[in-house]
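Commentary on secondary and tertiary structure
This is what each chain is made of:
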Amino acid sequence: MSYQIIKINENYIDGFAQVVDTVARELRYLAFLEGPPREMTMAYVQRNIAENWPHIIALDGEQVIAWADVASLNRPVFEHSGVLGIGILPNYRGQGLGRRLMHTVLEAAQARGLNRVELTVRENNHIAIKLYESLGFLHEGRHINAVKIHGQYENHLSMALLF
Ligand SMILES: CC(C)(COP(=O)(O)OP(=O)(O)OC[C@H]1O[C@@H](n2cnc3c(N)ncnc32)[C@H](O)[C@@H]1OP(=O)(O)O)[C@@H](O)C(=O)NCCC(=O)NCCS
């Protein structure tokens with residue numbers, strides 16, 4: 001199945017927020033228990049648009065089903081870098097969409113002149129880790145017990161892709 005991948009715009013902020021919230025509430029993949037408050041998401045997306053940080057979404061019809069972004073690390077010394085986030089609604093996983101989104105968002109990161117894309121991923125997220133490795137991301141470290149959800153600790157891995 002082929003879905004439309006577009007740059008995010010203001011019309012899709014709530015749809016994007018909904019996907020983040022749904023994936024967060026699964027509790028297995030992100031380092032969030034739920035999506036951030038609406039004003040925070042709004043400011044985040046508006047900044048990505050205004051400053052041309054790569055932020056794409058996938059649409060099934062008009063429904064946002066996935067996103068990928070590479071966002072600012074908020075300091076002049078990190079201007080050459082961005083932090084990657086990605087998530088897909090459960091029913092749309094395992095069909096090649098994640099790989100397509102990664103290719104598209106990394107191309108945009110390179111086109112923006114970034115030299116480094118970094119991320120953290122929970123150590124049990126084997127599918128995401130394999131995907132990142134296959135795209136050339138290197139392992140940079142392990143943050144032991146960095147995540148704790150309902151009393152369960154999990155390590156966080158740091159990975160980065162250098163252009
Ligand atoms: C991680 C995620 C973005 C990957 O996207 P996806 O569309 O499911 O993955 P794809 O279908 O593009 O497959 C990518 C690779 O993952 C592997 N993979 C995908 N589904 C798999 C499964 N069910 N079992 C084992 N491997 C699987 C395949 O090896 C595939 O590689 P290939 O292209 O060489 O076949 C997606 O599963 C997701 O949103 N997960 C929840 C949120 C998340 O983990 N975000 C990342 C937080 S750091």
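Above this text sits the structure in question.
My aim in this report is to walk through the structure given alongside it, one point at a time. (Residues numbered from 1 in each chain as written. Predicted model: local features only at pLDDT ≥ 70, side-chain atom pairs only at ≥ 80, totals over all residues. Heavy atoms only, no water.)

**Concerning the nonpolar core**
Selection criterion: Nonpolar cores are built from buried Ala, Val, Leu, Ile, Met, Phe, Trp, Tyr and Cys residues. Side-chain atoms within 4.5 Å join them into one set. Three exposure classes are used, based on accessible area relative to the maximum for each residue type with a 1.4 Å probe and protein chains only: buried under 20%, partly exposed in between, and exposed over 50%. Under the scheme used here, helices are H or I runs from DSSP no shorter than 4 residues and strands are E runs no shorter than 2 residues, and both carry numbers assigned from the N terminus. A contact between two residues is defined here by any heavy atoms of the two lying within 4.5 Å.
Counting 47 residues, the largest nonpolar core has L84, L101, M102, L106, Y132 and F137 as its most contacted members. Those elements giving two or more residues to this core turn out to be α1 (13-25), β2 (55-60), β3 (63-71), β4 (81-88), α3 (97-111), β5 (116-122), α4 (126-134) and β7 (152-162). Residues in contact with Y132, not counting those within four places in the same chain, are L84, I86, M102, L119, V121, F137 and M159.

**Overview of the sheet that holds strand β6 (residues 138-149)**
Short version of the rule: A pair of strands is treated as paired once DSSP finds two or more bridges between them. Axis geometry follows a simple rule: fit a line to the C-alpha atoms, using only the stretch in contact for helices, then measure angles between N-to-C directions, giving values from 0 to 180 degrees.
In spatial order, the strands read β1-β2-β3-β4-β5-β7-β6; together these 7 strands make up an open sheet with mixed pairing. Unpaired on one side and paired on the other, β1 (4-7) and β6 mark the two borders of the sheet. Along the sheet, successive strands turn relative to each other by an average axial angle of 25°, direction set aside. For β4 and β5, the ladder comprises 3 bridges, and the chain directions are parallel. Along β5, the bridge assignment pairs S81 with R116. Contacts between α1 and the sheet are confined to β2, β3 and β4, with β3 contributing the most and set at about 85° to the helix.

**Description of the site of the ligand**
Rules: Whether a residue is near a molecule or strand is decided by its heavy atoms; if any one of them lies within 4 Å of it, the residue is near. Pairs of N or O atoms are called polar contacts if they sit within 3.5 Å, as long as, within protein, a hydrogen donor faces a hydrogen acceptor (for residues adjacent in sequence, only side-chain-to-side-chain pairs). Each accessible area is a Shrake-Rupley result for a 1.4 Å probe, and residues are judged covered by the shown protein chains and nothing else. Following the grouping adopted for this structure description, the nonpolar residues are Ala, Val, Leu, Ile, Met, Phe, Trp, Tyr, Cys and Pro, the charged ones are Asp, Glu, Lys and Arg, and the polar ones are all others, Gly among them.
Around the ligand, a shell composed of 21 residues is seen, among which I88, G96, G98, R99 and N125 lie nearest. Here a nitrogen atom of the ligand and a backbone polar atom of I86 are 2.8 Å apart. G94 is positioned such that a nitrogen or oxygen atom in its backbone is 2.9 Å from an oxygen atom of the ligand. Alone, the ligand offers 920 Å² of accessible surface; in the complex the protein occludes 71% of this. Where the shell around the ligand is concerned, the elements lending two or more residues are β4, α3, β5 and α4. Top element by residues in the shell around the ligand is α4. It accounts for 5 residues. Among the residues forming the shell around the ligand, the class breakdown is 11 nonpolar, 7 polar and 3 charged.

**Re the pattern of salt bridges**
For the record, the criterion: Basic side-chain nitrogens of Lys or Arg form a salt bridge, by our definition, when they fall within 4 Å of a carboxyl oxygen of Asp or Glu.
Enumeration over the complete set of coordinates arrives at 9 salt bridges. In this structure, the salt-bridge partner of D14 is R38, at a minimum N-O distance of 2.8 Å. Placement of the pair is D14 in helix α1 and R38 in helix α2 (residues 38-50), with a sequence separation of 24 residues. Residue classification places D14 among the partly exposed positions, given a relative accessible area of 43%. Among the ionic pairs, R47 bridges to E51, the shortest N-O distance being 3.1 Å. When salt bridges with common partners are traced through the structure, they connect D21, R25 and E34 into a single cluster.

**Digging into the packing of aromatic side chains**
The test is simple: What counts as a ring pair is set by centres within 6.5 Å for rings of Phe, Tyr and Trp (its six-membered ring), and what kind of pair is set by the plane angle: stacked under 30 degrees, edge-to-face over 60, tilted for all other angles. Two thresholds decide whether a charge sits over a ring: the Lys NZ or Arg CZ must be within 6 Å of the ring centre and within 35 degrees of the ring normal.
Inspection of every chain in the model, using the stated rule, returns 3 aromatic pairs. Geometrically, the ring pair formed by Y132 and F137 is tilted, given 5.6 Å between the ring centres and 50° between the ring planes. For the pair formed by Y132 and F137, the shared burial category is buried. A cation over an aromatic ring shows up here: R112 above the ring of W53, its NZ or CZ 3.7 Å from the ring centre.

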